[in-house]
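Residue-level structural notes
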Amino acid sequence: MDRRYSNFTVEELREEVASLKEQVQKAEQWGNISEYAILERKMQMAAAYLLNPADFEKGKEYELAGDPGQTFRITYKNGVFAWGHRINLLGQVYEEEEAVPISILGDKKEK
């Protein structure tokens, strides 16, 4: 039976993240790019439930893990997802609004 990460205990989430991290590394070693991408996204989702959404502020910009040079400005939050817009190195805001798990948001960008 599949369970939702929102129903996991903190310990179960930590175990899940560790297990997925191991699987991600194996997929990378084997060169299985599609499996790597799927497992990495699952790991990001599980890790998001280990964070406190209140630590991420609406209207602020955060670095994006794994995407150097781009930041993400939060418009609003829904659970462990931050909705907003990417901003490139030149300060150009992408028009399309998107949702990202808070686990991929890095340090807050100071102005």
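Here, every reference points to the structure presented above.
Summary of the structure given here.

Rules behind the numbers
Residues numbered from 1 in each chain as written. Predicted model: local features only at pLDDT ≥ 70, side-chain atom pairs only at ≥ 80, totals over all residues. Heavy atoms only, no water. Helix = DSSP H or I, 4+ residues; strand = E, 2+ residues; numbered from the N terminus. Expected span 1.5 Å × (residues − 1). Buried < 20%, exposed > 50% of the residue type's maximum accessible area, 1.4 Å probe, protein only. Arc of directions from axis to C-beta. Contact = heavy atoms within 4.5 Å. Pairing = 2+ DSSP bridges. Axes fitted to C-alpha atoms, helices over the stretch in contact; angles between N-to-C directions. Core = buried A, V, L, I, M, F, W, Y, C linked by side-chain atoms within 4.5 Å. Salt bridge = Lys/Arg side-chain N within 4 Å of Asp/Glu carboxyl O.

Attention shifts here to helix H1 (residues 10-29). An ideal rise of 1.5 Å per residue puts 28 Å on 20 residues; H1 measures up with 29 Å between its terminal C-alpha atoms. Turning to H1, its buried residues are Leu 13, Val 17, Leu 20, Val 24 and Ala 27. Down the axis of H1, the smallest arc covering the buried residues is 90°, so these residues share one side. In the core, the buried residues of H1 are packed alongside helix H2 (33-48).

Moving on, we come to the sheet that holds strand E4 (residues 98-101). Pairing is antiparallel in the open sheet, where 5 strands are placed in the order E4-E3-E2-E1-E5. Lying at the two open borders of the sheet, with one neighbouring strand each, are E4 and strand E5 (105-108). Neighbour to neighbour, the strand axes of the sheet diverge by 50° on average, direction disregarded. Both strand E3 (residues 81-87) and E4 contribute to a ladder of 4 bridges, which runs antiparallel.

Looking now at the nonpolar core. Counting 12 residues, the largest nonpolar core consists of Ala 48, Phe 56, Tyr 62, Leu 64, Phe 72, Ile 74, Val 80, Ala 82, Val 100, Ile 102, Ile 104 and Leu 105. Listing elements by their share of this core, those giving two or more residues are strand E1 (61-64) and strand E2 (71-78). For Tyr 62, the contacting residues outside a window of four places in its chain are Asp 55, Phe 56, Glu 57, Gln 70, Thr 71, Phe 72, Ile 74, Leu 105, Gly 106, Asp 107, Lys 108 and Lys 109. Formed by 11 residues, the second largest nonpolar core is a distinct cluster that contains Val 24, Ala 27, Met 43 and Met 45.

So, about the pattern of salt bridges. A full pass over the atoms with the stated rule returns 7 salt bridges. Arg 3 is the partner of Glu 12 in a salt bridge, and the nearest nitrogen-oxygen pair spans 3.1 Å. Owing to a relative accessible area of 29%, Glu 12 belongs among the partly exposed residues under this scheme. Residue classification places Arg 3 among the partly exposed residues on the basis of a relative accessible area of 39%. When the shortest N-O distance is used, the salt bridge between Arg 73 and Glu 61 registers 3.0 Å.

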